[in-house]
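Survey of secondary and tertiary structure
One-letter residues, chain by chain:
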Amino acid sequence: MAFSGLSRLVTELCSTLRHNGSDQRESPQKHYLEGNMPTQTILITLVALLLFSYFLGRKRSIAVSMSLNEGETPLHSRPQYYGYLVAIWAGMPAILVLTLWSSFNAPIISSLTVASMPETQNTQSADSIGLMMNEIINLAESGKAAEHSDSVLRNAATHYQRLQGISSLAKTAVVFAVALVGMLIGWRLISPETRARNKVETVIRWMMILCASIAILSTVGIVFSVLFESIHFFSSVPPTDFLFGTTWSPQTSMRSDQVGSSGSFGAVPLFLGTLLISAIALIIAVPLGLMSAIYLSEYATPKIRAFAKPVLEILAGIPTVVYGFFAALTVAPFLRQFGEMLGLSVASESALAAGLVMGIMIIPFVSSLSDDVLSAVPQAMRDGSYGMGATRSETIKQVVIPAALPGIVGGVLLAASRAIGETMIVVMAAGLSAKMTINPLEAVTTVTVQIVTLLTGDQEFDSPKTLAAFALALGLFMVTLLLNIIALHIIRKYREQYE
Amino acid sequence: MSNSSIEKNMANAEKPETRDEFNVEIDGTVGSPFVDNPKMSSRNCDVFYADKQAIFNVNLDIAKHEIIAMIGPSGCGKSTYLRVLNRMNDTIPICRVTGEHTLDGEDIYAKNQDPVLLRARVGMVFQKPNPFPKSIYDNVAYGARLHGLAANRSELDDLVEASLIKAGLFKEVKDDLLKPGTGLSGGQQQRLCIARAIAVDPEVILMDEPTSALDPIATALIEELMDELKANYTIAIVTHSMQQAARVSQRTAYFHMGHLVEVNDTKTVFTNPEHKLTENYITGRFG
Ligand SMILES: Nc1ncnc2c1ncn2[C@@H]1O[C@H](COP(=O)(O)OP(=O)(O)OP(=O)(O)O)[C@@H](O)[C@H]1O
Ligand SMILES: [Mg+2]
């Protein structure tokens, strides 16, 4: 079943990439679903064939090894490896063909359909052809193509249906032919000279590499899509304005003769807001989390630990939207009243309220990870310190924490990136006004909040306002990337020193 | 009891006197467990791990400036008893120690006694080398820094160097003092731990199989060191090597299943043991 999961992933990935790459407004979901039914049947049959080839290969190799005479070289590998080998030969090329076919099926058929249409239709702009294709596909799938009034569409839809039918039939035939040929090749390979075990090992290695590269490629794909849209954005807004501008008001007007039609996209206040709130959150979470981790791992009795650790971890399981309204409805009004008592003016949506609650939220990221690494420090190391006449807190400070530092740093950085990317709490509690301030009592806004507001509601896809979201996302990504690089650097340096 | 001695006893099972030997009653300690004016002493010592008793009614004195060797089969409680003497067992929550234990006549388990200060006076080298994840220098300087033994950097440098020289490690590491202690070989790590222990200048040093990871040359170095240290310190050493016990110690204590069976001059223990169990153990090993 791993194969089917993999190929689905590949198909999905391909259609996503295709969607991102071209601007045509087709629905990849549709193609995917529509091509899916026969593909699924083929896959199931293929898996059955794979199993069958495995047993066939195994049996054959046992037979071969029985037939060998005394003194002849015995089979190189154990029978199951020949089984795997035959199955691999039967499965891999077939699945490759299937994947390729499925991913190129839709665009080829679409363009064939378009090409078959009268001149007037297929010289339109790419966008309207896309729209028309959607309509044709819908029509073809509804099964009512023959009843449609427009003869052009009707013809196109029936043509589409016919192509689809041929393709699916051909696909089935080709895939199974490839599978059978593969099986035959595998079968012929069963002999003492074939190092089946090593070959299977190589295939497994390449499969692992493939899986890893899919993960990496998706990341790269996302990064590039964000990057390209950002470049698009920067073609209308100068990067210097974005990076160093201190005014953020992305509202562009509908008509160009209105005042303030251009909008201004200075991202500094947003990043400042993110920084402020994350800093407040970390100021809360790092000491609290670290102290509770130290308490749990060094001082608490096993009973207390068994109770307290899961309770702390529940904090991480609370949905952020709950934290959000807790911050907005409970903490913020409380801070306001408290501030009034002291004669301070606290905004009803303040950075402090959001930061405080976010700090509570990320405590378990710090504490749980730190607790794990602290507990993993060997008792012998503590004993060594106690044996020198060190107190418990000296031992913790001088031996246990240094030994656990990479893990602790990892936990803190994880918490930090969590804080930077957190959205719900700040949407609900931090406000929308982009102010250049580091006063925690005022309302600020963050990068994530602005991405949300830019993209909710009706948007024109090409307007700088929408594209600004990509630029912000790119900035956010850069910051977390930098954070990770720093973390890795610290950890590596530390390792060199102490391992 | 070691395997070979059990086998031997099985083989002679028909002879009445050896059958006797097989279930010897352990009734108190034979030999001479007590000395005048001891450095450390224990009376009626019992140790429990949760409900399991690991040490049964041990009475023992350790004389000033002597090296006492503790021998016995694996699991007989040597390490446990050693840890009683500097209250390291306090760090094990399930461990309970009873009896009277003194250092220079002072009750070390008294309410007002600080185990932390005690451990600075009664140092320990552990069975498994356990250097800190710090540089070699910082490992040795650790205790001195804790207890403020050096007034300035150059004094600390001297102390570190002297301790490393005594432990026979200095030559090997003198150019790498800032490299991590955990990067040394097992035997070097153990010598580092010894250097670390003597750097705080304790009165008593408890050594739990300090040379089990060392080659014969390093072992000889450590044994020489112990011989030197004897002039100023009192040493208790647990060892599985009877040759080592015979070489370095003045007195030897034989533990058996949590009981202190025999304490005598090392020479007596190895040439003319009083107790059958001691004899079994020694002959089992030697012959
Ligand atoms: N931390 C502990 N928790 C529970 N039981 C323990 C603990 N440490 C030791 N024991 C038990 O106490 C008994 C004595 O152990 P100890 O470590 O003192 O033996 P030993 O004589 O040092 O053995 P070895 O020569 O193998 O080091 C053993 O039965 C052991 O199982
Ligand atoms: Mg031991």
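This part is about the site of ligand 1. Residue and element names in this part refer to chain B. Inspection of the region around ligand 1 gives 15 residues, with S74, K78, S79, T80 and H240 positioned closest. At a separation of 2.5 Å, an oxygen atom of ligand 1 approaches a polar side-chain atom of T80. The side chain of H240 places a nitrogen or oxygen atom 2.7 Å from an oxygen atom of ligand 1. Protein chains bury 67% of the 630 Å² of accessible surface belonging to ligand 1 in isolation. Residue assignment for the shell around ligand 1 shows that the elements contributing at least two residues are β3 (52-62) and α3 (78-85).

Further remarks concern the side chain of D208 of chain B. Residue and element names in this part refer to chain B. Note that D208 resides in strand β8 (residues 204-208). Despite its burial, D208 remains without a salt bridge, the nearest opposite charge being carried by R83 at 6.7 Å. In this structure D208 touches S79, L82, V125, F126, Q127 and V238, once residues within four positions along its chain are discounted.

What follows concerns the state of the cysteines. Residue and element names in this part refer to chain B. For the coordinates displayed, the defined rule picks out 0 disulfides over all chains. Of all cysteine sulfurs, the one in C45 lies closest to C95, which takes part in no disulfide; the gap is 9.3 Å. You can call C95 buried: its relative accessible area is 14%.

Here the focus is the pattern of salt bridges. Residues and elements named next belong to chain A. If you walk through the whole model with that rule in mind, you get 22 salt bridges over all chains. Between K309 and E313 there is a salt bridge; the shortest N-O distance is 4.0 Å. Of this pair, K309 and E313 both sit in helix α11 (residues 302-317), 4 residues apart, which is roughly one turn of the helix. You can call E313 partly exposed: its relative accessible area is 35%.

Residues and elements named next belong to chain B. Along strand β11 (residues 259-265), 5 of the 7 residues are buried, which leaves the element largely enclosed by surrounding structure. Direction of pairing for strand β1 (residues 30-31) relative to β11: parallel, over a ladder of 2 bridges. Looking at the pairing, V30 lines up with E262 of β11. Relative to β11, strand β10 (residues 251-256) runs antiparallel, the two being bridged by 6 bridges. Note on β11: the bridge partner recorded for Y254 is E262. Between β10 and β11, which pair antiparallel and follow one another directly, the connecting turn spans 2 residues, one of which, M257, has a positive phi of 50 degrees.

Judged from the 7 bridges that link them, strand β2 (residues 40-49) of chain B and β3 of chain B form a sheet pairing that is antiparallel. Across the sheet, residue Y49 of chain B finds its bridge partner in β3 of chain B, namely K52 of chain B.

Taking 1.5 Å per residue, 41 residues should reach 60 Å; helix α8 (residues 196-236) of chain A reaches 59 Å between its end C-alpha atoms and fits that length. Listed as buried for α8 of chain A are A196, V200, V203, I214, V226, E229, S230 and F233 of chain A.

All names here are of chain A. Residues of chain A with pLDDT of at least 70 account for 87%, and the chain-wide mean is 83. Scored below 50 in pLDDT, residues 1-7 shows 10 contacts in the model against residues more than four places distant or in partner chains. Here residues 9-36 is a poorly scored stretch, pLDDT under 50, and it has 34 contacts once near neighbours within four places are set aside; other chains count.

What follows concerns the nonpolar core. The nonpolar side chains of soluble globular proteins are, as a tendency, buried together. Ranked by internal contacts, the top residues of the largest apolar core, which has 45 residues, are L164, M207 and M226 of chain B. Leave out the neighbours within four places in its chain, and L164 of chain B touches I136, V140, L169, F170, V173, L177, L192 and A195 of chain B.

Further remarks concern a nonpolar patch on the surface. Together, I216, L217, V220, F224, F228 and I231 of chain A make up a nonpolar patch on the protein surface, roughly 580 Å² of accessible area in all. Mapped onto the secondary structure, L217 of chain A falls in helix α8.

Rules used throughout
Residues numbered from 1 in each chain as written. Chains lettered and ligands numbered in written order. Predicted model: local features only at pLDDT ≥ 70, side-chain atom pairs only at ≥ 80, totals over all residues. Heavy atoms only, no water. Near = heavy atom within 4 Å. Polar contact = N/O pair within 3.5 Å; in protein donor to acceptor, adjacent residues only side chain to side chain. Areas by Shrake-Rupley, 256 points an atom, 1.4 Å probe, with all protein chains shown as cover. Helix = DSSP H or I, 4+ residues; strand = E, 2+ residues; numbered from the N terminus. Buried < 20%, exposed > 50% of the residue type's maximum accessible area, 1.4 Å probe, protein only. Lys, Arg positive; Asp, Glu negative; His and termini not counted. Salt bridge = Lys/Arg side-chain N within 4 Å of Asp/Glu carboxyl O. Contact = heavy atoms within 4.5 Å. Disulfide = S-S within 2.5 Å. Pairing = 2+ DSSP bridges. Expected span 1.5 Å × (residues − 1). pLDDT = per-residue confidence, 0-100. Core = buried A, V, L, I, M, F, W, Y, C linked by side-chain atoms within 4.5 Å. Patch = residues over 30% accessible without salt bridge, like charges linked within 9 Å, V, L, I, M, F, W, Y side chains within 5 Å.

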